[in-house]
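Now for the letters of each chain:
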Amino acid sequence: MRYKDNDLLNNILSYINEKRLEENYCPTMQEIATKFGVTKGTVCNYMAELEARGLLERKKENGRFNVSTAQTNKTLASILNIPVVGEIACGTPILAEENIDNYVYISRDFLGEGNFFALRAKGDSMIDANIFDGDTVIVRQQDTAEEGQIVVALINDEATLKRYYFDKAKKQIRLHPENSTMSDMFFDKVNIQGIVKKVIKDVE
């Protein structure tokens, strides 16, 4: 086996990890060669060495090599691709849109177990819970809720985001807007789609 510069070996591995995790693609051998000022042949030999050490895996897909590493496999396995399925009303309920607009990527450790979807908040009825118009709300799918949880509820096929209670005197479900200027909403039955777990917001 020819001598391998361990610094260069580690640098190539780190560069591949960085590109895969931050930009979701693997750099070509030419890009790696340019980055470190070596030839493509040298890069090919070093990638073969990384593969031999079990630090890199190459699979040919659609005529090109898909490269992964032990680090990227472990990291990406813990990342959830959460679909953003439209907007959710935080004032007057609007029809729930089931079309996926986008995805957000969040660590499974950050959210815990379950299936999740995301909605963009619309309106101002939840501002006292620090949920503002345009915020992305991460919801764990479930059809039940405990008192005080913020839920996504379907009412006559329209979705709304409110805090959930059961009014024992009226024997009705009470959906409470977190806005002191708005009144509670009472229903005999609502279809709970999930409970809010996290809120993602832009920082100005």
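Relevant structure appears above.
Residues numbered from 1 in each chain as written. Predicted model: local features only at pLDDT ≥ 70, side-chain atom pairs only at ≥ 80, totals over all residues. Heavy atoms only, no water.

**Structural notes on a nonpolar patch on the surface**
Point 1. Nonpolar side chains collect at one region of the surface, where I100, Y103 and Y105 lie side by side and expose about 340 Å² of accessible area between them.
Point 2. Among the secondary structure elements, I100 is positioned in the loop between β4 (94-95) and β5 (102-107).
Point 3. The class for I100 is partly exposed, based on a relative accessible area of 44%. (Patch = residues over 30% accessible without salt bridge, like charges linked within 9 Å, V, L, I, M, F, W, Y side chains within 5 Å. Areas by Shrake-Rupley, 256 points an atom, 1.4 Å probe, with all protein chains shown as cover. Salt bridge = Lys/Arg side-chain N within 4 Å of Asp/Glu carboxyl O. Helix = DSSP H or I, 4+ residues; strand = E, 2+ residues; numbered from the N terminus. Buried < 20%, exposed > 50% of the residue type's maximum accessible area, 1.4 Å probe, protein only.)

**Comments concerning the pairing of strand β9 (residues 158-167)**
Point 1. Counting buried positions along β9 yields 7 of 10 residues, so the element is predominantly enclosed.
Point 2. As paired elements, strand β8 (residues 150-155) and β9 share 6 bridges and run antiparallel to each other. Note on β9: the bridge partner recorded for A153 is T160.
Point 3. Pairing of β9 with strand β10 (residues 172-176), which is carried by 5 bridges, proceeds in the antiparallel orientation. Directly across from R163, in β10, lies its bridge partner H176.
Point 4. Here β9 folds back onto β10 in antiparallel fashion, the turn holding 4 residues, of which K171 has a positive phi close to 55°. (Pairing = 2+ DSSP bridges.)

**Some points on the environment of G114**
Point 1. Mapped onto the elements, G114 comes out in the loop between α5 (108-111) and β6 (116-122).
Point 2. Take G114: its relative accessible area is 32%, and that puts it in the partly exposed class.
Point 3. A C-alpha to C-alpha distance of 6.3 Å links G114 and R140, two positions 26 residues apart in sequence.

**Topic: the nonpolar core**
Point 1. Membership of the largest hydrophobic core comes to 15 residues, with the highest contact counts inside it found for I12, I16, I32, M47, L50, L56 and V67.
Point 2. Of all elements in the fold, only α1 (6-22), α2 (29-36) and α3 (40-52) reach the threshold of two or more residues within this core.
Point 3. Beyond its immediate chain neighbours, meaning those up to four positions away, M47 contacts I16, M29, I32, L56, R58 and V67.
Point 4. Within the second largest apolar cluster, 12 residues are counted, among which are L119, M126, V137 and L161. (Core = buried A, V, L, I, M, F, W, Y, C linked by side-chain atoms within 4.5 Å. Contact = heavy atoms within 4.5 Å.)

**Re the packing of α1 against α3**
Point 1. Two elements in contact, α1 and α3, have axes whose closest approach is 10 Å; the angle formed by their N-to-C orientations is 85°. Comparing their axes, α3 and α1 come out roughly perpendicular. Of the residues in α3, those in contact with L8, L9, I12, L13 and I16 of α1 are T42, Y46, M47, E49 and L50.
Point 2. Among the residues making up the contact of α1 with α3, the classes are represented as 8 nonpolar, 1 polar and 1 charged. (Axes fitted to C-alpha atoms, helices over the stretch in contact; angles between N-to-C directions. Parallel < 35°, antiparallel > 145°, perpendicular 65-115°, else oblique. Nonpolar A, V, L, I, M, F, W, Y, C, P; charged D, E, K, R; others polar.)

**Section: the pairing of strand β12 (residues 191-200)**
Point 1. The pairing of strand β7 (residues 136-141) with β12 spans 6 bridges and is antiparallel. Note on β12: the bridge partner recorded for T136 is I200.
Point 2. Pairing of β8 with β12, which is carried by 4 bridges, proceeds in the antiparallel orientation. By the bridge assignment, V151 is partnered in β12 with I195.

**Describing the packing of α1 against α2**
Point 1. In contact at an axis separation of 11 Å, α1 and α2 are set at 125° when each is read in the N-to-C sense. As far as their axial angle goes, α2 and α1 are oblique. Remark: the crossing between α1 and α2 carries right-handed chirality. Residues L8, N11, I12, Y15 and I16 of α1 form the contact with α2, whose own contacting residues are E31, I32, K35 and F36.
Point 2. Partitioned by chemical class, the residues of the contact of α1 with α2 number 6 nonpolar, 1 polar and 2 charged. (Left-handed = near helix turned anticlockwise from the far one by under 90°.)

**Some points on the pattern of salt bridges**
Point 1. What the rule picks out here adds up to 4 salt bridges.
Point 2. For the salt bridge of R53 with E49, the shortest nitrogen-to-oxygen distance reads 2.8 Å.
Point 3. Here R174 ties to D184 by a salt bridge, and the two come within 2.8 Å at their closest N and O atoms. Here the residue R174 occupies a position in strand β10, and D184 occupies one in the loop between β10 and β11 (185-187), the gap between them amounting to 10 residues.

**Digging into unusual backbone geometry**
Glycine aside, the phi torsion of most residues is negative, and most peptide linkages are trans.
Point 1. We note that N130 has phi near 65°; this positive angle belongs to a residue other than glycine.
Point 2. Looking at the element boundaries, N130 is found in the loop between β6 and β7.
Point 3. Look at N130 and you get partly exposed, because its relative accessible area is 45%.
Point 4. Positive phi values are uncommon outside glycine, yet K171 reaches one of about 55°.
Point 5. Here K171 lies in the loop between β9 and β10.
Point 6. What makes K171 exposed here is its relative accessible area of 65%.

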